[in-house]
Every structure is written in C-alpha cells, then in structure tokens.
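# Structure assessment
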Amino acid sequence: MNDLGSNPTSSPASGPRAQDPLPAYAGAVVIGAGAFGLGTGFALAKNGLNGVLVLDQFEPGTQTSARAAGLFKNIQASATKTELTRRSIEIVTRFEQETGVAVPYVQPGSLFVARTPGHAAMIEAEIEDSVGWGVAVERLDRQEAQRRCPYIDSRDFVSAYFIRDDLYIDEPKALLVALIQAGLRVGMQTVGQTTVTGIDVRNGEIRGVQTNRGYIGTPVVVDAAGAWSRIAGAMAGVDVKIVPMRHQLGITALVEGIPPDLPIVRMTDGAAYVRPARGGLMYGIFEPNPLPFGPVPGETMSLDMVPVDHSVLREARDRIVPSVPELAHVTDQEQRAGLFTMTADGKFIAGPVPGVHGFWVISGCNGSGFSMSTGLGAAIAEWIVGGAPEIDLSLLDPARFLDLEISESDLLAQSIWQYANYYTPLS
Ligand SMILES: Cc1cc2nc3c(=O)[nH]c(=O)nc-3n(C[C@H](O)[C@H](O)[C@H](O)COP(=O)(O)OP(=O)(O)OC[C@H]3O[C@@H](n4cnc5c(N)ncnc54)[C@H](O)[C@@H]3O)c2cc1C
C-alpha cells in the first residue's frame, strides 16, 4: 500500500513540501486535507479549476479521516444521502480506471440486521424507502444470513437484509493518499504544516487567506476543517454550528476464517457495526453517552490527543458477542478514536454560505463523512466550477443554521442526541 512517507513535513508523490514557498495566488484554497477537503480539492482540479491548494496544519490525511472504519453504506435516511453514497461508490470503484491511481477497496455487501421487533419495523421502513431510491437489497432468512456470513450467529435475528453494493476500504488512509496523488496529476497541490490563521473577507467577498507561512490571494475558500470547521468558519465571520464528538473502534488480532470478502454487518439494535479487517474483525458502536471533545480556539490539538475509553469498546463487545461469538475470545490489535462533527439535525452542512461570496463549507459529517467525501466533494466542486449544483443539496444548506437561534447548551444536547440515537426507532 502507498504511504505518506516517514518525513512528517513532506507530501507524497513529490508534491510541494512545507518548506517550499506558497503561491501568492490560488484558484481555490481548501482548509483541511482530510477526506472532505481532498475529495473536494481533487474534484475542483479535475473539473478544470486552476491552482487548487489544499492546506493542512498537520501532515495531510492524518486526522479523523485516517481513523475511520472505512464503511460505505447505501441505506441512508434520505434520497440526497443515498444519491451521494451512490456517487461516492461509483467514484471509488472507478478511481483506478479513471485516474491511474489505485484505491484498494472490498465490495462484499453488508447485512443490515435487527434483533428486536421495534428495530425490525425500523429497518423494514428504511429498506422500503431505499428500494424506492434505487438501492439493491435482498431479504434473507436466518439460515441464508448465516450462510453468507459465517462469522455470525444469526439465531437472534428478527429481520435481515443483504445490501449488495456496500463496500469498505480496509485502511482509510489509502483513499486519502490516492486523492492526493490523483489530485497532483490534475494540478491540485496539497501542503502540510500550513495553518490557515485568518480569512480575508472584504465587502462580503473572499479575497484570500492568511497562513502561518504567508498570505495567499484567492476568490474561493472551502472550509473542510473537520473538528476545526467552526473555528475556521469564525475566521470568515460564519458560525458553522457543529459539535465535535468522539467515536472509536477496535480491530482484533487474527481470527481464523475471516477472509476480507465476508460481508459487513450492521446490528441496528446494538447501534453496532462489524467487518473483516486485517485478518480479524473491526467493531464499533454508537454509545448512549458520547463524549463531546474538540479543539479550543488558540490552542493546538491533534487527533492523537483524543483519549480511547476502553469501557466503551467493552460495551461494544457485549452488544455484539451474542451474534459474533468469536469476539469474546480475541484481543484487540488496535483501538482508535477520532471526532465526528455532529449537527443539531443530524445532517451535513455543505454548500455556499450566503453573505460571504466565495466561502463554502463541507462539514457536519454526523458519522458518514469518509464514505461521502468523494461524492459530496464532487457535487460541491461541480457547483463551485459550474455555478449551480447538479444534484439538489438543499437539505444540507449551510443557510439553515445561520439565523438559527440556538444556545450552546441546546446545540450540544441536540448533537449528543443525534449521535446517541443513530439507530433508534423513532415511532
Ligand atoms: C472511529 C471512526 C470511525 C468512522 N467510520 C466511518 C465510516 O465507516 N464511514 C464514514 O463514512 N465515516 C466514518 N467516520 C466519520 C469520518 O471519519 C469523518 O466524517 C470524516 O473523516 C471527516 O473528514 P474531514 O475531512 O471533515 O475531517 P479530518 O479528516 O479531520 O480533516 C480535517 C483537516 O482539517 C485540518 N485543519 C483544521 N483546521 C485547519 C486550519 N486552520 N488550517 C489548516 N488545516 C486545518 C486538520 O488538520 C485536518 O487534517 C468515522 C469516524 C471515526 C472517528
């Protein structure tokens, strides 16, 4: 697999290095070289925008995106997200053919499962919607679920579906590296160790950005700063109302009989997911009491500072073990944590910001940003370059939060609720 290289100040594939002078002018400056920033930057350059510059305060591709589970799921709560997932999967599966740069992915499909009647009713309603939006699904009985996915014990399943096109990227960093390398071929430059410290807005128009290494003139700034996107937005006078919140996962040591092409499993009643990973299993849950944790303006924070709470991963195992018994007998080779950017309504914040011409946001991942990054990034890039969106992104409109009167405590409470109820049946 490709690697970003051992020198923390260098970028891969002979891109610009942090010690090289920055250009005085860029066609667009993207703040943040995570999945969202790289997905958008790559698509901007591919769509013909000259001088696309993706800046990161750290080594590119090393923060939350590199810690994701790498899962792409077609069962989404809206037609918009379903379409964005479809586009993302299309981009990833055709990436090598279209760019010459490989993205190693596995497309084994997934089992979408409920072990309580309430969750069965919920997934059946979601499946019905998703079929209407064009997703390929198949209902399975317990025996067939077991046959397709030998690492599960299906006896508690009340309802199970197979989602044919779901996929995963085993090492999420591979997608980030591929976007950097393919981006370089179409003119995108990715530069690490470069912090955007100010955004120059004059008469309601973006004019440039200030960085720790100098000023860059630009008419377009994309805030793709992940857990820092509220801090970055404030530099343009825009309140990007997100709350960073910890999410974590475990990867077990080797487990006999887990080839990579066995399906992903989502157990909605346990708010849990499991997939093959590095010859073992990866697992995680949406816990009921998630930890808000994020950067503070003026202080340096990296994702290495996000603590792993082992009790959450023990709870994850407890929830999953009845259906994946092997998890009871194997230790973890890795446990890692990163930060979701949650919003009060559980939807992305993505699109142009009214009142600041040239300022765009792509944030508010609510747990699905890695998989959506190429599709949503492409949609935003098409909009920037073409002047109009090719798909309806009004559901994600940053404007919906700009005038919203919401106290910090309510924003926090609603964001926690969105995380904790990711798979809660609401009726
Ligand atoms: C454990 C875990 C599992 C997950 N699993 C999945 C999954 O299976 N599928 C899925 O779709 N999603 C998943 N997610 C969510 C997904 O990882 C995120 O939605 C996604 O990675 C967010 O990408 P990003 O680009 O916004 O953030 P990041 O990757 O954090 O990138 C933001 C970048 O902005 C940079 N930055 C910030 N401020 C500045 C500044 N002022 N100047 C320069 N640079 C700046 C940062 O250094 C950082 O590199 C998971 C998340 C976690 C934590």
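Notes on the structure follow.

## Quick word on unusual backbone geometry
For Arg278, which is not glycine, the phi dihedral falls at a positive 50 degrees. As for its position among the elements, Arg278 is in the loop between β15 (272–277) and β16 (280–285). You will see that Asn366, though not glycine, has its phi angle at about 50 degrees, which is positive. For Asn366, the position within the fold is in the loop between β19 (359–363) and α8 (369–386).

## Things to note about the pairing of strand β10 (residues 205–211)
As defined by bridge partners, strand β9 (residues 196–202) adjoins β10 across six bridges and the pair is classed as antiparallel. Within the sheet, the bridge partner assigned to Ile199 lies in β10 and is Val209. Between β9 and β10, which pair antiparallel one after the other, the connecting turn spans two residues, and Asn203 there sits at a positive phi close to 50 degrees. Direction of pairing for β10 relative to strand β11 (residues 214–217): antiparallel, over a ladder of four bridges. Directly across from Val209, in β11, lies its bridge partner Ile216. Hairpin connection from β10 to β11: two residues lie between these consecutive antiparallel strands.

## Overview of empty space enclosed by the protein
Counted by the stated rule, this structure contains two cavities of 30 Å³ or more. Looking at the largest cavity, its volume works out to about 50 Å³. Lining the largest cavity are Val238, Asp239, Val240, Lys241, Ile349, Val353, Val361, Pro398, Phe401 and Leu402. Considering only residue class, the lining of the largest cavity consists of eight nonpolar, no polar and two charged.

## Comments concerning the site of the ligand
Residues in contact with the ligand amount to 37 residues; listed here are only the nearest, Asp56, Ser65, Ala69, Cys365 and Ser371. Take Ala69: an N or O atom from its main chain is 2.8 Å from a nitrogen atom of the ligand. Val196 is positioned such that a nitrogen or oxygen atom in its backbone is 2.9 Å from a nitrogen atom of the ligand. About the coverage of the ligand: the protein hides 97% of its 1000 Å² of free accessible area. Contributions of two or more residues to the shell around the ligand are made by α1 (35–46), β13 (243–252), β17 (332–342) and α8. Classifying every residue of the shell around the ligand by side-chain character gives 18 nonpolar, 17 polar and two charged.

## Thoughts on the nonpolar core
One finds Ile199, Phe359, Leu376, Ile380 and Leu393 to be the most contacted residues of the largest nonpolar core, which totals 114 residues. Looking at this core, the element that brings in the most residues is α8, giving nine residues.

## What about the sheet that holds β10?
Note on sheets: strands pair through backbone hydrogen bonds, and any given pair is parallel or antiparallel. Pairing in this open sheet of three strands is antiparallel, and the strands run β9-β10-β11 from one edge to the other. Looking along the sheet, the strands with just one partner apiece sit at the ends: β9 and β11. This sheet shows a mean twist of 25 degrees between the axes of neighbouring strands, independent of strand direction.

## Some details on the layout of surface pockets
Its volume calculated, the second largest pocket comes out at about 670 Å³. If you trace the second largest pocket, you find 26 residues lining it, with Ala77, Glu126, Asn421, Tyr422 and Leu426 closest to the centre. Here the element with the most residues in the lining of the second largest pocket is helix α3 (residues 117–132); it accounts for four residues.

Calculation rules
- Residues numbered from 1 in each chain as written.
- Predicted model: local features only at pLDDT ≥ 70, side-chain atom pairs only at ≥ 80, totals over all residues.
- Heavy atoms only, no water.
- Helix = DSSP H or I, 4+ residues; strand = E, 2+ residues; numbered from the N terminus.
- Pairing = 2+ DSSP bridges.
- 1 Å grid on protein atoms, 1.4 Å probe; cavity = no way out; pocket = protein on both sides within 12 Å on 5 of 7 lines; lining within 4 Å.
- Points joined across faces, edges and corners; volume = space filled by probe spheres on them.
- Nonpolar A, V, L, I, M, F, W, Y, C, P; charged D, E, K, R; others polar.
- Near = heavy atom within 4 Å.
- Polar contact = N/O pair within 3.5 Å; in protein donor to acceptor, adjacent residues only side chain to side chain.
- Areas by Shrake-Rupley, 256 points an atom, 1.4 Å probe, with all protein chains shown as cover.
- Core = buried A, V, L, I, M, F, W, Y, C linked by side-chain atoms within 4.5 Å.
- Buried < 20%, exposed > 50% of the residue type's maximum accessible area, 1.4 Å probe, protein only.
- Axes fitted to C-alpha atoms, helices over the stretch in contact; angles between N-to-C directions.

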